[in-house]
Amino acid sequence: MIKIYSFLILFILASCHQNKQAAKAFQKLDSKPIKNVAERKPDSTHETYPVLIDTLKIDLQKFIVIQNDPRDDKQMNLSILNSKKDTIYVHDTYATNGFNFEDFDNNGILDIRLDQITNVGGISELIFYDKNNKIFKAVEDFSNYPNPTKIKNTKYWYSYHRSGCADINWGSELFKIENFKVIKIGEIEGIGCEEEKENGIFIYKTKGDSRKRIYSEKRKPGYYSDKWDYIENYWNKNYKKFE
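A quick note: this is a predicted structure, and the numbers were derived from the prediction, not measured.

A.B. asks: Now, about the pairing of strand 16 (residues 181-191): what can you tell me, with residues and values included?
C.D. replies: Where strand 15 (residues 169-178) meets strand 16, 10 bridges bridge the pair, whose relative direction is antiparallel. Bridge pairing links Leu174 to Gly186 in strand 16. The antiparallel pairing of strand 15 with strand 16 creates a hairpin that spans two residues between the two strands, and Asn179 there sits at a positive phi of about 50°. As paired elements, strand 16 and strand 17 (residues 200-207) share six bridges and run antiparallel to each other. By the bridge assignment for strand 17, Ile191 is matched with Gly200.

Now the structure itself:
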């Protein structure tokens, strides 16, 4: 989906004059020059990479989403421009593996996922469009829930992450999103590392920073190869217990 325009790296400035060379790169999107965008010219010690740019349409409005290529050694955080070519949103952190559009919450509006390269794996950030206020907002705490999977026909997702000991310890959280914030309501904890005090699969009901264990399944130390099916089956069958 992302269109790549070569030989141009853009950086958002707090205030700057219109840049004619930068505007030419966007002629296919609109004939108007882009405000608040400037071009960084390459020098002999720096190799330039393409800019990542795509158009997002919401409620008959057009937005331009841009970020520099993650291979570039300088960073331009993902930025969103409106139809007037004004910068209306700049994300707080940098997407180290680019971005993509998807209707994450199945409400008919495309959202923006920012993919991150980490040693945990599956970590991303999420931006929603606030229809009431007509602005973009980041979903708070979303990056704490790697590899999110939707439970069909519900308002819930579950995550998966490694928790140490070469993925022998792991975890999965049941969560929902309300008012642009992730709300965790349940947790599965797999403990297979033999150095731990207890081994097995343990399930908790959570509220805020507190959690209450509601199920224990003691097992011998080791890698639990059935964990993927266990997580999927448990959350799909039991999510209502955590409402």
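Anyway, onward from the coordinates.
A.B. asks: Could you give an account of the pattern of salt bridges, with specific residues and numbers?
C.D. replies: What the rule picks out here adds up to 14 salt bridges. Of the charged contacts in the structure, one is a salt bridge between Lys184 and Glu187, with a shortest N-O distance of 3.6 Å. One salt bridge in this structure joins Arg211 and Glu189, with 3.9 Å as the shortest N-O distance. Taken together, the positions of Arg211 in strand 18 (residues 210-218) and Glu189 in strand 16 put the pair 22 residues apart, joining distant regions of the chain. In the salt-bridge network here, residues are joined through shared partners; they are Lys184, Glu187, Glu189 and Arg211.

A.B. asks: Account for the packing of aromatic side chains, with residues named and values stated.
C.D. replies: The tally for this structure, following the rule as stated, stands at 16 aromatic pairs. With a centroid separation of 5.8 Å and 50° between ring planes, the pair formed by Phe63 and Tyr129 is classed as tilted. Here Phe63, found in strand 5 (residues 61-68), pairs with Tyr129, found in strand 10 (residues 124-130); they are 66 residues apart in sequence, far enough to count as distant. Comparing Phe63 with Tyr129, the two get one shared label, buried. On the numbers, 5.0 Å between centres and 90° between planes, the contact of Phe63 with Phe136 is edge-to-face.

Calculation criteria
Residues numbered from 1 in each chain as written. Predicted model: local features only at pLDDT ≥ 70, side-chain atom pairs only at ≥ 80, totals over all residues. Heavy atoms only, no water. Pairing = 2+ DSSP bridges. Helix = DSSP H or I, 4+ residues; strand = E, 2+ residues; numbered from the N terminus. Salt bridge = Lys/Arg side-chain N within 4 Å of Asp/Glu carboxyl O. Phe/Tyr/Trp six-rings, centres within 6.5 Å; stacked < 30°, edge-to-face > 60°. Buried < 20%, exposed > 50% of the residue type's maximum accessible area, 1.4 Å probe, protein only.

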